[in-house]
Amino acid sequence: MNSPAATLALVRPEILALAPYSSARKESKGGKVWLDANENPATPHAGAPLLNRYPEPQPPELVARLASLYGTAPDGILVTRGSDEGIDLLVRAFCRAGHDAILITPPTYGMYVVAAGIQGAAVRTAPLVAEKDFAVDPAAVIGAAGPDVKLVFLCSPNNPTGRNLARADVLQIVDALAGRAVVVVDEAYAEFSAGESLVSALPSRANLVVLRTLSKAFGLAGARVGVTLAAPELIGVLQKILAPYPIPTPVVSAALAALTPDAIAAARRSAADLVAGRERLAAALLRLPYVRTVWSSDANFLLVAVTDSARIMQLARAAGLIIRDRSKDVPNTVRITIGSPAETAFALEVLSRG
Ligand SMILES: Cc1ncc(COP(=O)(O)O)c(C=O)c1O
């Protein structure tokens, strides 16, 4: 039942039937004189390598390093412009405008609803349980996933609450919805968590997709490199609707530089430092008189409940400290990203004035 064929049957039929654009770089490899893509023979910008040429649609070296980083096969990987593009591609591949729906578990990351809105897909909800530290309720998700729901977005660690969803709960949802819906687990913040990634569950579950990114733990938010991990058949569908040359050449260079063994080790050390900073900041915030709750976090930010979020936002803004009001998601809360030790010390000094 949980076969690639059963998952492919959920894809929009017109996408399955679509003949994708066949770019010059896809059609011909090798050779020594390239006159097939209407490129300019010269690079007018000295020092910029090969910018007169279109990039590889999916640069093999980058795909190979990401496959090794996540412990998966290269054909189960799609590199996109941030994981935001992965979200968009999934909604476009599975949801027919005016017919199909996604399901989200609020409070959660805002782009799932935006991508659905752009595609004309409805949004169903099964809220996280606030009284249980924002745990997911598998029975509620499975119950709310009616026949029109093609995609379920779960975010773990979740933004803005910072908590991991329990692995057993996620797998219960994935298994219950096999052949009915695809479950997308957004792991943008996984490197800051001690929990096991759902990537290890991919081989046995064709209706599971995992999203990762180099924007957070690898510090490359400006480069826009996201990774969609899924069964090769599903990656093939997403490849059909991906733009012809999505990853610019300078971005490939930046990502390759961030994925050498030394750079990966440095990113891991930096993530560990941020986690230690997170715990110190959480303890310090709890001592402030107006702080009601600091939820324990598996990410690089803290969700903090205060007596009056508008007052804290104003206090912060006046001092030049930019934090995020999340009161629309969870009443009277602010979200604080863990910065450098100096940035965190500044944040604490400002917030202590309240
Ligand atoms: C949960 C979650 N998913 C995805 C993203 C987008 O990441 P990317 O920079 O890879 O597009 C973010 C960004 O904040 C996020 O919080």
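Everything quoted here is computed from the prediction, not taken from an experiment. (Residues numbered from 1 in each chain as written. Predicted model: local features only at pLDDT ≥ 70, side-chain atom pairs only at ≥ 80, totals over all residues.)

J.: What is the right way to read helix H4 (residues 60-70) from this model?
T.: Along an α-helix, a turn takes 3.6 residues, which lines up residues three or four apart on a common side. Those residues of H4 lying buried are Leu62, Val63, Leu66 and Tyr70. Angular distribution of buried residues about the axis of H4 spans 100°; they occupy a single face of the element. Turned more than 90 degrees away from the buried face of H4 sit Pro60 and Glu61, all of them exposed. In the core, the buried residues of H4 are packed alongside strand E1 (77-80), strand E6 (208-213), strand E7 (226-229) and helix H10 (249-258). Backbone geometry just after H4 places Gly71 at a positive phi near 70°. (Buried ≥ 20, exposed ≤ 12 C-beta atoms within 10 Å, placed from the backbone. Helix = DSSP H or I, 4+ residues; strand = E, 2+ residues; numbered from the N terminus. Arc of directions from axis to C-beta. Contact = placed C-beta atoms within 7 Å.)

J.: Teacher, can you tell me more about the environment of Thr80 here?
T.: The topology assignment puts Thr80 in strand E1. Spatially, the C-alpha atom of Thr80 lies 8.8 Å from that of Gln58, the residues being 22 residues apart in sequence. Beyond its immediate chain neighbours, meaning those up to four positions away, Thr80 contacts Glu85, Gly86, Leu89, Gly226, Thr228 and Pro246.

J.: Quick question: what am I supposed to make of the site of the ligand here?
T.: In the vicinity of the ligand, the contacting residues are Gly82, Ser83, Asp84, Tyr109, Cys155, Asn159, Asp186, Ala188, Thr213, Ser215, Ala221 and Gly226. Sorting elements by how many residues they give to the shell around the ligand places helix H5 (residues 82-94) first, with 3 residues. Looking at the shell around the ligand residue by residue, the classes come out as 4 nonpolar, 6 polar and 2 charged. (Near = placed C-beta within 6 Å. Nonpolar A, V, L, I, M, F, W, Y, C, P; charged D, E, K, R; others polar.)

J.: Honestly, the environment of Val11 in this entry has me stumped. Any pointers?
T.: Locating Val11 in the fold gives a position in the loop between helix H1 (4-8) and helix H2 (13-17). In this structure, the C-alpha to C-alpha distance between Val11 and Gly320, residues 309 residues apart in sequence, is 47 Å. The residues contacting Val11, other than those within four sequence positions of it, are Leu16, Ala93, Phe94 and Val237.

J.: What is the right way to read the sheet that holds strand E8 (residues 291-294) from this model?
T.: Each strand in a sheet pairs with another by means of backbone hydrogen bonds, the pair being arranged parallel or else antiparallel. Reading across from one edge, E8-E9-E11-E10 is the order of the 4 strands in this open sheet, with antiparallel pairing throughout. The open sheet has two edge strands with one neighbour each: E8 and strand E10 (324-325). (Pairing = 2+ DSSP bridges.)

J.: Teacher, can you tell me more about the nonpolar core here?
T.: Nonpolar side chains in soluble globular proteins tend to be buried together. Of all hydrophobic cores here, the largest spans 96 residues; its most connected members are Ile102, Leu151, Val152, Val183 and Val184. Composition of this core by domain shows at least three residues from each of domain 1 (4-259) and domain 2 (263-351). Residues within four places of Val183 in sequence aside, it is in contact with Val152, Leu154, Ile173, Val174, Leu177, Asn207 and Leu208. (Core = buried A, V, L, I, M, F, W, Y, C linked by C-beta atoms within 7 Å. Domains from an automatic or database assignment.)

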